[in-house]
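The chain contents come next:
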Amino acid sequence: MAIATQDTASGPTWVQRNRMTLTPILFLLPGMLFFLVYVISPIFQSFQISLFRWDGLGEATYIGLANYEELLTDRNFEISLWNNVRWLVLYLLAIPLGLAIALFLNQTVTGIRLYKSMFFFPFVLSQVVVGLVFSWFYLPRVGLLNGVLASLGLEPVNILGDPDLATYGIIAAGLWPQTAYCMILYLTGLNAVDPEQVEAGRLDGAKGWKMLWFVILPQLKPATFIAFVVTIIGALRSFDLISVMTNGGPFGSTRVLSFYMFERALSEFGFRMGYGSAIAVVLFFIMLVFIAYFLWQMWRDEQEARR
């Protein structure tokens, strides 16, 4: 009896230590298996398929890097790539817009709950619904946008029918829910702002833009980091809105890499699985660059915080 008491007092037993190690692994194992089977494995399969000519049903023919060489001279791929760049640059407007709305909603104003609900509403809508709403909004004759332009004495604009404007019209539609998401992130961050630092800034004479830049924004750095990550990934994998609003038109002017990959690999005019996989690999490496940068930035911040 004395020996058992001594073992218990000295620390956890061998069985207890193994349970403490094994239990988290058992809980994580199903998720890890799903991640390996449905995420990691398809990534490597895409690399493999991109080296073949395959229609998805018949026999695959190994062609090496021929699919990637074809991408270099594919005008549609070039258009899709540049549209992704436009998405990436303009989609980042959601971050300052979300911050501005969050700063407004963080004030004590009459009816602030109603305002929060109105700004939060786009976030709960699916991308398909957003695409349909903005398609109606952009209708050339009966759409609300052209109704407003007509009331101002201006000529109607067919945004989704104009190859030069269609991409920007879709990006504007995407900014609506993305801004709401960034707003939620910043509202959460503002609730965690240290009031003592704000008061110290006021005593030092900081107010207005100085207060925002030197006191508030540094404390919102985690929210800004998440907003950048989610917004950039969302811009690079944009598909739903394009499919609903223009289906890649007019004349293929609104294609992005994800949509062009679908067209080449799975649409009725495609069934080029190898070529579609090559486009997917290119998109994967573009995303990987940003993800690697953000992970490195996170690691560097953690190292600085430990010093």
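Asks: Would you mind showing me how to read the overall build of the protein chain here?
Replies: When its secondary structure is counted, the protein chain shows 15 helices and two strands. For the C-alpha atoms alone, the extent of the protein chain along its principal axes is close to 85 × 65 × 30 Å. Classification of the 307 residues of the protein chain by burial places 34% in the buried group. Just so you have it, the protein chain exposes about 19700 Å², and 68% of that area is on carbon and sulfur atoms. Both charge centroids of the protein chain, one from 19 positive and one from 20 negative side chains, sit 6 Å from each other.

Asks: When you look at the pattern of salt bridges in this model, what are you seeing that I'm missing?
Replies: Two side chains with opposite charge may pair up if their charged atoms get near one another. On inspection of all chains with the given rule, the structure shows four salt bridges. For the salt bridge of Glu78 with Arg75, the shortest nitrogen-to-oxygen distance reads 3.3 Å. Placement of the pair is Glu78 and Arg75 together in helix α4 (residues 75–91), with a separation of three residues, close to one helical turn. What makes Glu78 partly exposed here is its relative accessible area of 38%. Between Glu263 and Arg255 there is a salt bridge, with its nearest N and O atoms 2.4 Å apart.

Asks: Please explain the packing of helix α9 (residues 166–191) against helix α12 (residues 221–236) as it appears in this structure.
Replies: The axes of two packed helices give the description: the angle between them and the distance between them. Look at α9 against α12: their axes get within 9 Å of each other, and the N-to-C directions meet at 160°. As the angle between them shows, α9 and α12 are arranged roughly antiparallel. Between α9 and α12 lies a crossing whose hand is right-handed. Taking contact as the criterion, the partners of Gln178, Tyr181, Cys182, Leu185 and Tyr186 in α9 are, on α12, Ala223, Thr224, Ile226, Ala227, Val230 and Thr231. Here the residues of the contact of α9 with α12 are counted per class, giving eight nonpolar, three polar and no charged.

Asks: What is the right way to read helix α8 (residues 144–151) from this model?
Replies: Each full turn of the α-helix corresponds to 3.6 residues, which orients residues three or four apart in the same direction. Taken residue by residue, α8 has Leu145, Asn146 and Leu149 as its buried positions. Projected down its long axis, α8 shows its buried positions confined to an angular sector of 90°, all on one face. Exposed and oriented more than 90 degrees from the buried face of α8 are Leu144, Ala150 and Ser151. For α8, the secondary structure elements touched by its buried residues are α7 (127–137).

Asks: In this structure, what is going on with the confidence of the model for the protein chain? I would like to understand it.
Replies: When pLDDT drops low, the exact placement of atoms in the prediction is not to be read closely. Of the residues in the protein chain, 94% have a pLDDT of 70 or more, and the chain-wide mean is 87. In this model residues 1–9 is a low-confidence stretch, pLDDT under 50, and it forms zero contacts with partners more than four residues away in sequence or in other chains.

Asks: Whenever I open this one, the packing of aromatic side chains confuses me. Can you help?
Replies: Two measures describe an aromatic ring pair: the distance that separates the ring centres and the angle between the ring planes. Enumeration over the complete set of coordinates arrives at 18 aromatic pairs. In this arrangement the basic side chain of Arg272 is found over the ring face of Tyr275, its NZ or CZ atom lying 4.4 Å from the centre.

Asks: Can you walk me through the side chain of Thr254 in this structure?
Replies: Mapped onto the secondary structure, Thr254 falls in the loop between α13 (240–245) and α14 (257–266). At a separation of 2.6 Å, a polar atom in the side chain of Thr254 contacts the main-chain carbonyl oxygen of Gly249.

Asks: Can you walk me through the environment of Leu88 in this structure?
Replies: With respect to the secondary-structure elements, Leu88 resides in helix α4. The exposure class assigned to Leu88 is buried, which follows from its relative accessible area of 17%. Taking the C-alpha atoms as reference, Leu88 lies 9.6 Å from Ile171; in sequence the two are 83 residues apart. In this structure Leu88 touches Ile232, Ala235, Leu236 and Phe290, once residues within four positions along its chain are discounted.

Asks: Mind showing me how you'd approach the environment of Leu154 here?
Replies: Residue placement: Leu154 occurs in the loop between α8 and α9. Taking relative accessible area as the criterion, Leu154 reaches 47% and is therefore assigned partly exposed. Separated by 77 residues in the primary sequence, Leu154 and Thr231 place their C-alpha atoms 34 Å from one another.

Rules used throughout
Residues numbered from 1 in each chain as written. Predicted model: local features only at pLDDT ≥ 70, side-chain atom pairs only at ≥ 80, totals over all residues. Heavy atoms only, no water. Helix = DSSP H or I, 4+ residues; strand = E, 2+ residues; numbered from the N terminus. Buried < 20%, exposed > 50% of the residue type's maximum accessible area, 1.4 Å probe, protein only. Areas by Shrake-Rupley, 256 points an atom, 1.4 Å probe, with all protein chains shown as cover. Lys, Arg positive; Asp, Glu negative; His and termini not counted. Charge placed at Lys NZ, Arg CZ, Asp CG, Glu CD. Salt bridge = Lys/Arg side-chain N within 4 Å of Asp/Glu carboxyl O. Axes fitted to C-alpha atoms, helices over the stretch in contact; angles between N-to-C directions. Parallel < 35°, antiparallel > 145°, perpendicular 65-115°, else oblique. Left-handed = near helix turned anticlockwise from the far one by under 90°. Contact = heavy atoms within 4.5 Å. Nonpolar A, V, L, I, M, F, W, Y, C, P; charged D, E, K, R; others polar. Arc of directions from axis to C-beta. pLDDT = per-residue confidence, 0-100. Phe/Tyr/Trp six-rings, centres within 6.5 Å; stacked < 30°, edge-to-face > 60°. Lys NZ or Arg CZ within 6 Å of the ring centre and 35° of its normal. Polar contact = N/O pair within 3.5 Å; in protein donor to acceptor, adjacent residues only side chain to side chain.

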